[in-house]
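A structural walkthrough
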Amino acid sequence: MPDVFVITGVQASGKSTVAGLPARRFPRGMHVAGDAIRAMVVSGKADMSPAPSPEAARQLLLRYQASIAVARIYHEARFDVVIDDVIIGEMLDAFLRLLPWADVHLVVLDPAPEEIARRERERAKNAYHKGWTVDALHRILHTETPRHGLWLDTSRLSPEETVDAILSNRDASRLHLREVAT
């Protein structure tokens, strides 16, 4: 059976750039981008913030469920699937409980805060708004996020080198979800 990869990290950690690359290496690969699912909400969007509303948290879980639903359809059609989104803090375990698979590969991209800030300055979109800062999200990643899967400091890695590290460390990234849930 094909694999399912979940790639997460804070904004500007390289998730979207990296996630499409392994999918292209598979004979049949699918990339499900959380940003694409989020963009489908055209009115009534409630974004996450440091003090999220119940509606923002509900919409985040809806986005996760939609990503998983799309991934499941393609995985059942024998595609390797890569899901990417910001899934940190207590939301990581909530996300993992939603997954229908027995095993997945979880990869946490964890470049240094200075590198995240540099990447944010160099890209067209602005992810750090609504009260978020690089330091605040980095703190959540390191103090509130369970240490599941493969954590990679990608500060000095190119996207291609990051994918090489992911694909060569499949055992380290593999999560047996029944064990995580207990």
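So, a few notes on the structure that sits alongside this text.

Parameters at a glance
- Residues numbered from 1 in each chain as written.
- Predicted model: local features only at pLDDT ≥ 70, side-chain atom pairs only at ≥ 80, totals over all residues.
- Heavy atoms only, no water.
- Helix = DSSP H or I, 4+ residues; strand = E, 2+ residues; numbered from the N terminus.
- Rg over C-alpha atoms; globule rule 2.2 N^0.38 Å.
- Buried < 20%, exposed > 50% of the residue type's maximum accessible area, 1.4 Å probe, protein only.
- Contact = heavy atoms within 4.5 Å.
- Areas by Shrake-Rupley, 256 points an atom, 1.4 Å probe, with all protein chains shown as cover.
- Axes fitted to C-alpha atoms, helices over the stretch in contact; angles between N-to-C directions.
- Left-handed = near helix turned anticlockwise from the far one by under 90°.
- Nonpolar A, V, L, I, M, F, W, Y, C, P; charged D, E, K, R; others polar.
- Phe/Tyr/Trp six-rings, centres within 6.5 Å; stacked < 30°, edge-to-face > 60°.
- Lys NZ or Arg CZ within 6 Å of the ring centre and 35° of its normal.
- Parallel < 35°, antiparallel > 145°, perpendicular 65-115°, else oblique.
- Core = buried A, V, L, I, M, F, W, Y, C linked by side-chain atoms within 4.5 Å.
- Expected span 1.5 Å × (residues − 1).

**Details of the overall build of the protein**
Secondary structure assignment for the protein yields 9 helices and 6 strands. Taken over the C-alpha trace, the protein has a radius of gyration of 15 Å; the compact-globule value for 182 residues is 16 Å, and the two agree within 12%. Split into buried and exposed, the 182 residues of the protein put 49% on the buried side. Intrachain contacts of the protein at a sequence separation of at least 6 include 79% that bridge at least 24 residues. Only carbon and sulfur atoms are counted for the fraction: they give 52% of the accessible area of the protein, which is about 9,300 Å².

**Here we look at the packing of helix α3 (residues 54–76) against helix α4 (residues 91–98)**
Orientation of α3 relative to α4, taken along the N-to-C sense of each, is 40°, at an axis distance of 10 Å. In terms of crossing hand, the pair formed by α3 and α4 is right-handed. Of α4, the residues touching α3 (which contributes Leu60, Leu61, Tyr64, Gln65 and Ile68) are Met91, Ala94, Phe95 and Leu98. Each residue belonging to the contact of α3 with α4 can be placed in one class, and the counts come to 8 nonpolar, 1 polar and no charged.

**Describing the packing of aromatic side chains**
Summed over the entire model, instances satisfying the criterion amount to 3 aromatic pairs. Relative to Phe79, the ring of Tyr74 has its centre 5.3 Å away and its plane inclined at 80°; by these criteria the two rings are edge-to-face. Taking relative accessible area as the criterion, Tyr74 reaches 34% and is therefore assigned partly exposed. Positioned above the aromatic ring of Trp151 is the side chain of Arg147, whose terminal nitrogen or guanidinium carbon lies 3.8 Å from the ring centre.

**Let's talk about the environment of Ala23**
Looking at where Ala23 falls in the secondary structure, it is placed in helix α1 (residues 15–25). The exposure class of Ala23 is buried, given its relative accessible area of 7%. Placed 51 residues apart in sequence, Ala23 and Tyr74 show a C-alpha to C-alpha distance of 12 Å. Discounting residues that sit within four places of it in the chain, Ala23 has contacts with Gly29, Met30, His31 and Val82.

**Some details on the environment of Ser13**
One can find Ser13 in the loop between β1 (4–8) and α1. In sequence terms Ser13 and Ala112 are 99 residues apart; their C-alpha atoms lie 8.9 Å from each other. Those residues in contact with Ser13, other than ones at most four positions away along the chain, are Leu109, Pro111, Arg119 and Thr154.

**Focus: the packing of helix α5 (residues 113–122) against helix α6 (residues 134–144)**
Viewed as axis vectors pointing N to C, α5 and α6 meet at an angle of 135°, and their least axial separation amounts to 10 Å. Regarding the angle of α5 to α6, the classification is oblique. Pair α5 / α6 crosses with right-handed handedness. Counting all contacts with α5, which are made through Pro113, Ile116 and Ala117, the residues of α6 involved are Val134, Asp135 and His138. Its residues assigned to classes, the contact of α5 with α6 shows 4 nonpolar, 1 polar and 1 charged.

**What to know about the nonpolar core**
Residues Phe95 and Leu99 are the most contacted members of the largest nonpolar core, which totals 34 residues. Where this core is concerned, the elements lending two or more residues are β1, β2 (29–33), α3, β3 (80–84), α4, β4 (103–109) and α6. In this structure, Phe95 is in contact with Val6, Tyr64, Ile68, Ile83 and Ile87, ignoring residues within four places of it in sequence.

**Remarks on α3**
For α3, built from 23 residues, the straight-helix expectation of 33 Å at 1.5 Å per residue is met to within 8% by its first-to-last C-alpha distance of 33 Å. Considered for burial, the residues of α3 that qualify are Ala56, Gln59, Leu60, Arg63, Tyr64, Ser67, Ile68, Ala71 and His75. Buried residues in α3 make contact with β1, β2, α2 (34–39), β3 and α4.

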